[in-house]
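Chain by chain, the residues:
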Amino acid sequence: MKRFDVLVVGAGPAGLAAAHAAMTHGAQVGIVDDNPLAGGQIWRGGADIQPDQRGQRLWNELRDSRRMIFLPQTRVLYSPQPGHLQVQTPEASAALHYNKLILATGARERLLPFPGWTLPGVTGAGGLQALSKGGYPLQGKRVVVAGSGPLLLAAAATLRSKGAHIVAIVEQAATPALLRFGIGLLATPSKITQALHLGTQLRGVPYLRNSYVLSAHGDGTLQSVQIQRTGVPEVETLQCDYLACGYGLLPNVELAQALGCATASHNGQTVVKVGDMQRTTVPDIYCAGEGTGVGGVDLALAEGHIAGLAASGHANEAQEAMGRRAHWRKFADRLARAFALRSELRTLAGDDTIVCRCEDVCHGDLRTHTGWRSAKLQTRCGMGPCQGRICGGATEVLYGWRPDAVRLPISPARIASMIE
Ligand SMILES: Cc1cc2nc3c(=O)[nH]c(=O)nc-3n(C[C@H](O)[C@H](O)[C@H](O)COP(=O)(O)OP(=O)(O)OC[C@H]3O[C@@H](n4cnc5c(N)ncnc54)[C@H](O)[C@@H]3O)c2cc1C
């Protein structure tokens with residue numbers, strides 16, 4: 001069994017910042033991530049090859065240290081007892097022991113159902129971005145990027161750089177909210193620079209504010225989408241090969257919940273509850289990054305740094321990072337206000353629109369239930385391989401349900417991994 005002073009789950013910005021702070025303060029650190037390379041979502045493909053110098057520096061110094069072990073392609077399944085995690089690699093399973101645990105498990109996209117959303121060719125915005133970064137060919141393909149939030153711009157810029165033709169970016173947020181958000185960027189000059197850079201990369205691409213996808217159409221595969229623009233009576237049709245559609249991000253809180261950490265509601269989302277030093281409600285377990293609330297890379301880095309200092313016994317050095325964290329938390333709050341979901345998105349699914357893709361459960365089967373538990377027991381909604389990670393976010397928006405207890409293992413596992 002491998003033993004660590006500080007074990008970090010997640011090698012995104014928060015996890016790398018946490019591991020780096022703990023490592024430089026003398027701790028023996030382990031980092032577990034289910035991807036083959038460190039970097040998480042934003043630095044996908046390797047933190048060391050990103051233009052962002054922060055990713056390069058963190059990863060290069062961690063990689064060169066004898067006090068850090070990276071366990072790639074390793075997924076945490078459950079905790080057999082306090083201080084232990086059971087993990088699975090493609091070949092084997094193993095038990096890891098820790099004195100302090102830092103959860104930096106990030107976030108995932110929120111997908112919402114509308115007629116045609118299960119057609120081949122309809123993906124998440126970040127999902128298609130991730131595929132393209134992994135080499136999926138998009139040269140010459142017509143892509144509509146839709147949903148909500150700044151990720152749409154980042155995804156569209158990546159897809160365009162891979163040769164895709166971006167037909168339009170369809171943003172559901174209303175123009176006044178976007179204007180307020182734009183003015184608020186004055187408080188974060190680095191984000192203005194980023195926005196200008198994205199603007200240059202996306203020059204000529206129509207950005208349709210106050211608009212949303214009504215339905216996707218095609219004979220066996222996607223051929224067009226219908227969109228509604230507020231204030232325009234006619235429905236507009238856009239011909240495309242792909243629809244990359246995501247409605248913001250949802251914190252990954254399942255592992256924290258499985259370990260007994262309390263959650264809270266913040267900006268309308270379920271997040272892991274943490275104190276000033278990123279401590280959860282369970283002794284020796286910390287959480288940093290998007291699991292505590294969606295706020296972007298700068299907030300993730302600040303929180304990770306604080307968690308790493310606290311876990312390695314140097315909480316007194318966290319003042320500077322606490323200032324950064326307070327600054328970026330305000331940005332996160334502005335982000336949540338600007339891109340709050342409009343009520344029309346709850347009305348798009350028809351009775352025959354699938355909501356739970358794993359178990360083929362439709363809106364008509366679900367809408368008469370009073371809560372997640374009753375729907376799950378009677379329709380099998382949320383009981384497939386994704387364990388409600390996709391449909392849970394959708395049923396929260398559609399019906400106001402919150403998924404209940406987390407079932408172990410937290411992700412699909414080989415039987416051998418469970419009985420070893
Ligand atoms: C699909 C997607 C694409 C994004 N693209 C961009 C972008 O282009 N630009 C941008 O500014 N922001 C982007 N973001 C937002 C970005 O994720 C955050 O700003 C920032 O990276 C969050 O850092 P983090 O460390 O909290 O989480 P992440 O970067 O998400 O890192 C979390 C890591 O934990 C791992 N993990 C989770 N659970 C387990 C487990 N049980 N076992 C093992 N490993 C686990 C994940 O695989 C992941 O590598 C994207 C988000 C998503 C979801």
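Residues numbered from 1 in each chain as written. Predicted model: local features only at pLDDT ≥ 70, side-chain atom pairs only at ≥ 80, totals over all residues. Heavy atoms only, no water.

Asker: Residues and numbers for the overall build of the protein, please.
Answerer: If you tally the helices and strands in the protein, you get 13 helices and 21 strands. Here the protein has a C-alpha radius of gyration of 21 Å; the compact-globule value for 420 residues is 22 Å, and the two agree. Counting only C-alpha atoms and orienting by the principal axes, one finds that the protein spans roughly 65 × 50 × 35 Å. Going through the 420 residues of the protein one by one, you find that 53% of them count as buried. For the protein, contacts bridging at least 24 residues in sequence account for 64% of all contacts bridging at least 6. For the protein, the computed accessible surface area is about 18200 Å², with 53% contributed by carbon and sulfur atoms. (Helix = DSSP H or I, 4+ residues; strand = E, 2+ residues; numbered from the N terminus. Rg over C-alpha atoms; globule rule 2.2 N^0.38 Å. Buried < 20%, exposed > 50% of the residue type's maximum accessible area, 1.4 Å probe, protein only. Contact = heavy atoms within 4.5 Å. Areas by Shrake-Rupley, 256 points an atom, 1.4 Å probe, with all protein chains shown as cover.)

Asker: So what's going on with the pattern of salt bridges? Residues and values would help.
Answerer: One pass over the structure, following the stated rule, counts 17 salt bridges. Between arginine 229 and glutamate 236 there is a salt bridge, with the nearest N and O atoms lying 3.7 Å from each other. Among the residues examined, arginine 229 registers a relative accessible area of 28% and is labelled partly exposed. Take glutamate 236: its relative accessible area is 29%, and that puts it in the partly exposed class. Its salt-bridge partner being arginine 329, residue glutamate 303 comes within 3.9 Å of it at the nearest N-O pair. In this pair, glutamate 303 is assigned in helix α8 (residues 297-311) and arginine 329 in helix α9 (residues 319-338), connecting sequence segments 26 residues apart. The partly exposed category is assigned to arginine 329, whose relative accessible area is 33%. Salt bridges sharing common partners tie together Asp52, Arg54, Lys191 and Asp298. (Salt bridge = Lys/Arg side-chain N within 4 Å of Asp/Glu carboxyl O.)

Asker: Go over the sheet that holds strand β9 (residues 142-148), please, and point to the residues and values.
Answerer: Spatial ordering of the open sheet is given by β8-β15-β9-β10-β11, a layout of 5 strands whose pairing is parallel. Since the sheet does not close on itself, it has two edges, and those belong to β8 (122-123) and β11 (207-208), each with one partner. The pairing of β9 with strand β10 (residues 165-171) spans 6 bridges and is parallel. Its bridge partner being in β10, arginine 142 is matched across the sheet by histidine 165. Across the face of the sheet, helix α3 (residues 125-133) comes into contact with β8, β9 and β15 (242-247) while running at roughly 125° to β15. Running over the sheet, helix α4 (residues 151-161) touches β9, β10, β11 and β15 and is turned about 175° from β10. (Pairing = 2+ DSSP bridges. Axes fitted to C-alpha atoms, helices over the stretch in contact; angles between N-to-C directions.)

Asker: I'd like a description of the UniProt feature "domain: FAD/NAD(P)-binding" (unreviewed entry) in the protein, backed by residues and values.
Answerer: The positions that UniProt labels "domain: FAD/NAD(P)-binding" (unreviewed entry) are, in the present scheme, residues 4-292. Split by type, residues 4-292 is 25% helix and 32% strand. Its first and last C-alpha atoms lie 23 Å apart. (UniProt positions renumbered as here; feature names shortened; annotations may be inferred.)

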